[in-house]
Amino acid sequence: MDYEFDRAIAVPPSAPGEYAAMLDPGWVVGGGVNGGYLLAVIGNAIRAELAESGQPDPVSVSAYYLTPTVPGPAVVRVRRVRTGGQRATVAASLVQQQDGEEVERITVLAVYGDLDRTPDEVQRQVTPPDLPPVEECIEARHAPEEVRRMAPLLERFGTRLDPACVGWAVGKPSGAGVIQGWFKLADDRPLDPIALLMVVDALPPVTFDLGLPGWAPTLELTAHVRARPAAGWAVVRHATRTISGGYFEEDCEVWDSAGRLVVQSRQLALLPRST
């Protein structure tokens, strides 16, 4: 089927090791394009570069966000650092033209492999949160108008947030520093390892739950993809434990419909500016 997400992350080759992207304005949040979406675009270019090696899946991806990315044309450059029998390590950069000059937006170092060759046993994992049923959770697309204006990407998702985590929408944040809920794409595209790179940055920033609304720019994000997700609703939990010096960390965990932890991430971000 023709899914919106696949169109948005399409990266046709433009030269050896280079892939052309057209960054979709529907994935904007705050002052730039969403960092998870951009990670999926880069991840898709890496997947294309490694297609012939049989290592199509992200295992560990670390991204540094250098300058705000804007909708429109971009180029992803992929360089193979090492290719082994089970895993490949690559470096990648996303660049755009700005005022007639090339500007690097994001730089990435990633390990790829084949998740179908990963052992199935789970010896230990974080337990998913106990969420209310999907139908009792709050659809994120019904967020306050000012939030929807800041984050048009909410229209891309069918996210249902835990009612305990949405007090910020009516000026009553819980203060726990947690946002969690059920996740799927709005057009029901099944999640896969590339989409998981986007999911880890898909919920509102946990700072909303601390009474700190606004855009929280990501400085660095590392995602570990643990397994290929089963079809159906995923459970996503974002939490923070430390805020200091104008920065906060946001830890994300995603479980598939079978209850398996399929991706986890940590990002360092700037606190939203006070108005």
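The structure displayed is predicted, hence computed values, not measured ones.

Engineer: Hey, could you run me through the pattern of salt bridges in this one?
Structural biologist: For side chains bearing opposite charge, pairing can occur when the charged atoms are close. Taken as a whole, this structure holds 13 salt bridges when the rule is applied. In this structure, the salt-bridge partner of R266 is D251, at a minimum N-O distance of 2.6 Å. Taken as a pair, R266 in strand 16 (residues 261-270) and D251 in strand 15 (residues 247-255) lie far apart in primary sequence, 15 residues in all. Since its relative accessible area comes to 18%, D251 is described here as buried. Here the salt bridges do not stand alone but share partners, grouping D6, R47, R189 and D192 into one network.

Engineer: How should a nonpolar patch on the surface be read in this particular structure?
Structural biologist: Together, Y247, L268 and L270 give the surface a local cluster of nonpolar side chains, amounting to about 230 Å² of exposed area. Relative to the assigned elements, Y247 resides in strand 15. With relative accessibility at 38%, the residue Y247 sits in the partly exposed group.

Engineer: For this particular structure, what's the right way to read helix 2 (residues 35-49)?
Structural biologist: Think of an α-helix as turning once every 3.6 residues; residues three or four places apart then point the same way. The end-to-end C-alpha distance of helix 2 is 21 Å, a good match for the 21 Å that 15 residues give at a rise of 1.5 Å each. Extensive coverage of helix 2 is indicated by the burial of 13 of its 15 residues. Two to three positions downstream of the cap, the backbone nitrogen of G36 sits 3.0 Å from a side-chain oxygen, assigning the N-cap of helix 2 to N34.

Engineer: Whenever I open this one, the environment of G30 confuses me. Can you help?
Structural biologist: Along the chain, the position of G30 falls in the loop between strand 3 (28-29) and strand 4 (32-33). Taking the C-alpha atoms as reference points, G30 and G214, separated by 184 residues in sequence, lie 7.2 Å from one another.

Engineer: Even after reading the chapter, I still don't get the pairing of strand 8 (residues 101-113), so can you show me in this structure?
Structural biologist: Both faces of the sheet carry side chains from a regular strand, because those side chains alternate between them. Bridge count between strand 5 (residues 57-65) and strand 8: eight bridges; the pairing is antiparallel. Residue pairing in the sheet places S62 in a bridge with L109 of strand 8. Looking at chain direction, strand 7 (residues 88-98) and strand 8 are connected through eleven bridges and run antiparallel. The residue of strand 8 that forms the bridge with A92 is V108.

Engineer: Which parts of the structure should I look at to understand the side chain of E249?
Structural biologist: Structurally, E249 can be placed in strand 15. It turns out E249 is buried and unbridged, and the closest side chain with the opposite charge, R241, is 4.3 Å from it. From its side chain, E249 meets the backbone nitrogen of R241 in a polar contact 2.6 Å long. Among the polar contacts listed, one links the side chain of E249 to the backbone nitrogen of T242, at a separation of 3.1 Å. When sequence neighbours within four positions are dropped, the list of residues in contact with E249 reads A239, T240, R241, T242, R266 and Q267.

What counts and how
Residues numbered from 1 in each chain as written. Predicted model: local features only at pLDDT ≥ 70, side-chain atom pairs only at ≥ 80, totals over all residues. Heavy atoms only, no water. Salt bridge = Lys/Arg side-chain N within 4 Å of Asp/Glu carboxyl O. Helix = DSSP H or I, 4+ residues; strand = E, 2+ residues; numbered from the N terminus. Buried < 20%, exposed > 50% of the residue type's maximum accessible area, 1.4 Å probe, protein only. Patch = residues over 30% accessible without salt bridge, like charges linked within 9 Å, V, L, I, M, F, W, Y side chains within 5 Å. Areas by Shrake-Rupley, 256 points an atom, 1.4 Å probe, with all protein chains shown as cover. Expected span 1.5 Å × (residues − 1). Polar contact = N/O pair within 3.5 Å; in protein donor to acceptor, adjacent residues only side chain to side chain. Pairing = 2+ DSSP bridges. Lys, Arg positive; Asp, Glu negative; His and termini not counted. Contact = heavy atoms within 4.5 Å.

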